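# Architecture and fold: a report
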Amino acid sequence: MVKVDRATQNDTAGGSNKVGAQADANARIISFGGGKGGVGKTFLAANVAVALAQLGHRVLAADTDLEGANLHTCLGLPSPPVSLADFVAQRQEDLGKLALDTPVENLRVIAGTHANLGSPQPSHSRQVRLMRTLRRQPVDFVLLDLGAGSHTSVLDYFLMADDALVVVQPEPTSVENAYTFLRAAFYRRMRLAMLGHGVRKLITEAMDHRNERGIRTPIDLLREVEALDPAEGARFVATMRDFRPRIVVNGVRTAEDIKLGFAICSVCRKYFGIEADYLGYVNHDEAARRSVAARKPVVDFRANSDAAVYLQRIAHKLVQSTTADGSTRTGGVRR
Amino acid sequence: VRSLDEQDHYEVLEVSRNARSVEIERAYQGMRSAYAEDSLAIYSVFDGSDTSAISERIELAHRVLSDAETRASYDRSLGHYPEEAEPTVAATAVNHSTRELPERDPASPPFDDFEQNSDEESGEFDGKRLRRVRMRRGVEIDDIAEITKVSATYLRYIEEESFKDLPAEVYVRGFVTAYARTVGLDPERVVPTYMGRFRVAQGAKRKGFLLGGP
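Residues numbered from 1 in each chain as written. Chains lettered and ligands numbered in written order. Predicted model: local features only at pLDDT ≥ 70, side-chain atom pairs only at ≥ 80, totals over all residues. Heavy atoms only, no water.

A count of helices and strands for chain B gives 11 helices and zero strands. Of the regular secondary structure in chain B, the N- to C-terminal order runs α-α-α-α-α-α-α-α-α-α-α. Taking all 214 residues of chain B together, the buried fraction comes to 42%. Accessible surface, chain B: about 11600 Å² in total, of which carbon and sulfur atoms supply 52%. (Helix = DSSP H or I, 4+ residues; strand = E, 2+ residues; numbered from the N terminus. Buried < 20%, exposed > 50% of the residue type's maximum accessible area, 1.4 Å probe, protein only. Areas by Shrake-Rupley, 256 points an atom, 1.4 Å probe, with all protein chains shown as cover.)

As structure tokens, then:
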């Protein structure tokens, strides 16, 4: 891979290193979000990490879900004595000392265990520092396993990543939470990108579904922003264009389930006015369930299973989009 | 960024202005199912009045763009002049006489664009690979059963390589041929390798029988 020593000053959720933007420092950061718990974020993060390492890339997988950490378990490690919580609590500044070797060559993991459950989330400034430090690690990819829900700390990990994946299962609860998550991420991203107080206030109002102005969709909001301040309107549009989440459908059982990814991308276009990429899908596979029970990644444990093949495809596509020009990063939904 | 009201028919169907009629048809089918009342993808985002407004736009866009004459006049109103003439419809039409899908089904979702590194090109076809290709091409087991009249149970056994539950070789060969053809694969590429696996499994079974077993 081409390694460039890039600047890191933009690691804030409102900076230019946001959903869909090209990497701006050494390691490329890929986040696995999706709102709902149990949709397979950790399973995907662990397996894509292994698949990337098997392709010869240096990978660091980090568990940011400090209240429900189990990335290390999916990678076959027992509960480790050090974790990301030590960085969050400022007990350890050197992330390299928190990274543990895994049974897979080229792959290290930072667990999320032993958090102070009284205050598990890092402050925003601590989170920004974490992202900058992660980006400077001597690896090609940093994979972040995100917690469930739409807490601002989860959203910021999502927004600061170069590839922001939304994992969704073909069921109403998952789809509903994925849209809630995307909506929350979208508004936060837009609010942070705006300069004027008036426009920021307008966005805060729009976040309330029952707002008095009758703003129902992000496109309605854009029209209001343009009317209030054309320069902010232009900034809003530019930020929208950069906001490119990547959809992964997990737990596919039928050919119809696969189409859900295309349909979600269309809804993103028609409702949010944004381009989402359909990155791939993973089938509902007994081999995957067995691999989790055995605490081993399925791409290693059952390498010829359908799930492993689909996960390897996702890893390949992530590599392709890293090496290719940003404009070629399509999930097949742009025609 | 344009809202639905501001979008032209091409934007509504999410196709390029130079899209061929098969691509328009494919996009229309995809849109219809994405914005159907019971579609999972719109759940919690659009309410009933939104979806009926979107559906009306989709239908109108399709009506205008699926007819060469109305499309040409619409293109002129947009100030758009297509680069080249449309290829003949006969060359791309679905073969309705056998109800089998052609090699590349133009009406299926755009999986070919979506998955560049498909595993269909070469090598051995096992049950898992057949299933992956079928899913990718948007074909359900029941679709194949309906078209080929082979029972869905046998089709599943073929994918699961549950060889002991399948009938004699001559039947299985026919089933696999019909399966391959229906998902748009060349049976001459699929059948020899798949049946090779079947025979190896059958051979192992027979050998076990001759040896008497434990």
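Before going further, it helps to examine the interface of chain B and chain A. Chain B puts 40 residues into the contact, and the matching count from chain A is 46 residues. Carbon and sulfur atoms make up 58% of the area that chain B and chain A hide from each other, which totals about 3600 Å². Inspection of the chain B/chain A interface yields seven salt bridges. A salt bridge links B:Glu6 to A:Arg223; its shortest N-O distance comes to 2.7 Å. Breaking the side of chain B that touches chain A down by element, the ones donating at least two residues are helix H1 (9–13), helix H2 (21–34), helix H6 (111–114) and helix H7 (127–136) of chain B. With five residues, the single largest contributor to the side of chain B that touches chain A is H7(B). A breakdown of the residues in the side of chain B that touches chain A according to their chemical character gives 19 nonpolar, seven polar and 14 charged. (Contact = heavy atoms within 4.5 Å. Buried area = accessible area lost by both parts, 1.4 Å probe. Salt bridge = Lys/Arg side-chain N within 4 Å of Asp/Glu carboxyl O. Nonpolar A, V, L, I, M, F, W, Y, C, P; charged D, E, K, R; others polar.)

Our focus in this paragraph is the state of the cysteines. Residues and elements named next belong to chain A. Evaluated as defined, the whole model comprises zero disulfides over all chains. Looking at the unpaired Cys-268, the closest cysteine sulfur is the one in Cys-265, lying at 6.1 Å. Residue class for Cys-268 comes out buried when judged on its relative accessible area of 0%. (Disulfide = S-S within 2.5 Å.)

Residue and element names in this part refer to chain A. One pass over the structure, following the stated rule, counts 15 aromatic pairs over all chains. Centroid distance Phe-186 to Phe-272: 5.6 Å. Interplanar angle 55 degrees. Geometry classified as tilted. Within this pair, whereas Phe-186 is found in helix H6 (residues 172–193), its partner Phe-272 is found in helix H10 (residues 255–272), the two being separated by 86 residues in sequence. Per residue, the accessibility class of Phe-186 equals that of Phe-272, and both read buried. With a centroid separation of 4.9 Å and an interplanar angle of 50 degrees, the aromatic rings of Tyr-281 and Tyr-310 are classed as tilted. (Phe/Tyr/Trp six-rings, centres within 6.5 Å; stacked < 30°, edge-to-face > 60°.)

Residue and element names in this part refer to chain A. Of all residues in chain A, 89% have pLDDT values of 70 or greater, and the mean over the chain is 88. Within the model, the stretch residues 1–10 combines pLDDT values under 50 with 26 contacts to residues more than four positions away or in other chains. Segment residues 20–24: pLDDT under 50, and 29 contacts once partners within four positions in sequence are set aside and those in other chains are kept. (pLDDT = per-residue confidence, 0-100.)

A few words now on the packing of H6(A) against helix H7 (residues 197–207) of chain A. All names here are of chain A. In contact at an axis separation of 9 Å, H6 and H7 are set at 170 degrees when each is read in the N-to-C sense. Taken as axis vectors, H6 and H7 run roughly antiparallel relative to one another. Here Tyr-187, Met-190, Arg-191 and Leu-192 of H6 come into contact with H7, specifically with Arg-200, Ile-203, Thr-204, Ala-206 and Met-207. Classifying every residue of the contact of H6 with H7 by side-chain character gives six nonpolar, one polar and two charged. (Axes fitted to C-alpha atoms, helices over the stretch in contact; angles between N-to-C directions. Parallel < 35°, antiparallel > 145°, perpendicular 65-115°, else oblique.)

Before going further, it helps to examine the confidence of the model for chain B. Regions with low pLDDT should not have their predicted coordinates read in detail. Residues and elements named next belong to chain B. Counting all residues, the mean pLDDT for chain B is 83, and 77% of those residues have values of 70 or more. Within chain B, the lowest mean pLDDT, 43, falls on helix H5 (residues 89–92), and the highest, 97, falls on helix H9 (residues 152–160). In this model, residues 88–109 is a region of pLDDT below 50 whose contacts with residues beyond four sequence positions or in other chains number 31 contacts. With pTM at 0.85, the complex prediction returns an ipTM value of 0.85.

Our next topic: the environment of B:Tyr194. Residue and element names in this part refer to chain B. Positionally, Tyr-194 belongs in helix H11 (residues 187–210). For Tyr-194, a relative accessible area of 0% translates into the label buried. Considered as a pair, Tyr-194 and Val-139 are 55 residues apart in the sequence and their alpha carbons are 20 Å apart. Beyond its immediate stretch of four places on either side in the chain, Tyr-194 contacts Phe-125, Asp-126, Gly-127, Leu-130, Tyr-157, Ile-158, Glu-161, Phe-163 and Val-176.

Turning our attention to H10(A). Residues and elements named next belong to chain A. The end-to-end C-alpha distance of H10, which contains 18 residues, comes to 26 Å, matching closely the 26 Å that a straight helix rising 1.5 Å per residue would cover. Most of H10 sits inside the fold, with 16 of its 18 residues counted as buried. Directly after H10, the chain includes Gly-273, whose backbone phi takes a positive value near 75 degrees. (Expected span 1.5 Å × (residues − 1).)

All names here are of chain B. Looking only at H9, the buried set comprises Ala-152, Leu-155, Ile-158 and Glu-159. End-on view of H9: buried residues confined to an arc of 115 degrees, all on one side of the axis. Once H9 ends, the next one or two residues include Glu-161, with phi positive near 55 degrees. (Arc of directions from axis to C-beta.)

Now for the sheet that holds strand E4 (residues 107–110) of chain A. All names here are of chain A. Read across the sheet, eight strands follow the order E3-E4-E2-E5-E1-E6-E7-E8 without closing on themselves; strand pairing throughout is mixed. The sheet terminates laterally at strand E3 (100–101) and strand E8 (277–283), the two strands that pair on one side only. By the bridge criterion, six bridges tie strand E7 (residues 246–252) to E8 in an arrangement that is parallel. In the strand pairing of E8, Ile-247 is matched with Tyr-278. (Pairing = 2+ DSSP bridges.)

The next point concerns the nonpolar core. Grouped burial of nonpolar side chains is what soluble globular proteins tend to show. All names here are of chain A. Judged by nonpolar contacts, the single largest core of 137 residues is most densely connected at Val-48, Leu-134 and Phe-236. Ranked by residue count, the leading element in this core is H6, at 11 residues. Those residues within four positions of Val-48 in sequence are excluded, and the remaining contacts are Phe-32, Leu-143, Leu-311, Ile-314, Ala-315 and Leu-318. (Core = buried A, V, L, I, M, F, W, Y, C linked by side-chain atoms within 4.5 Å.)

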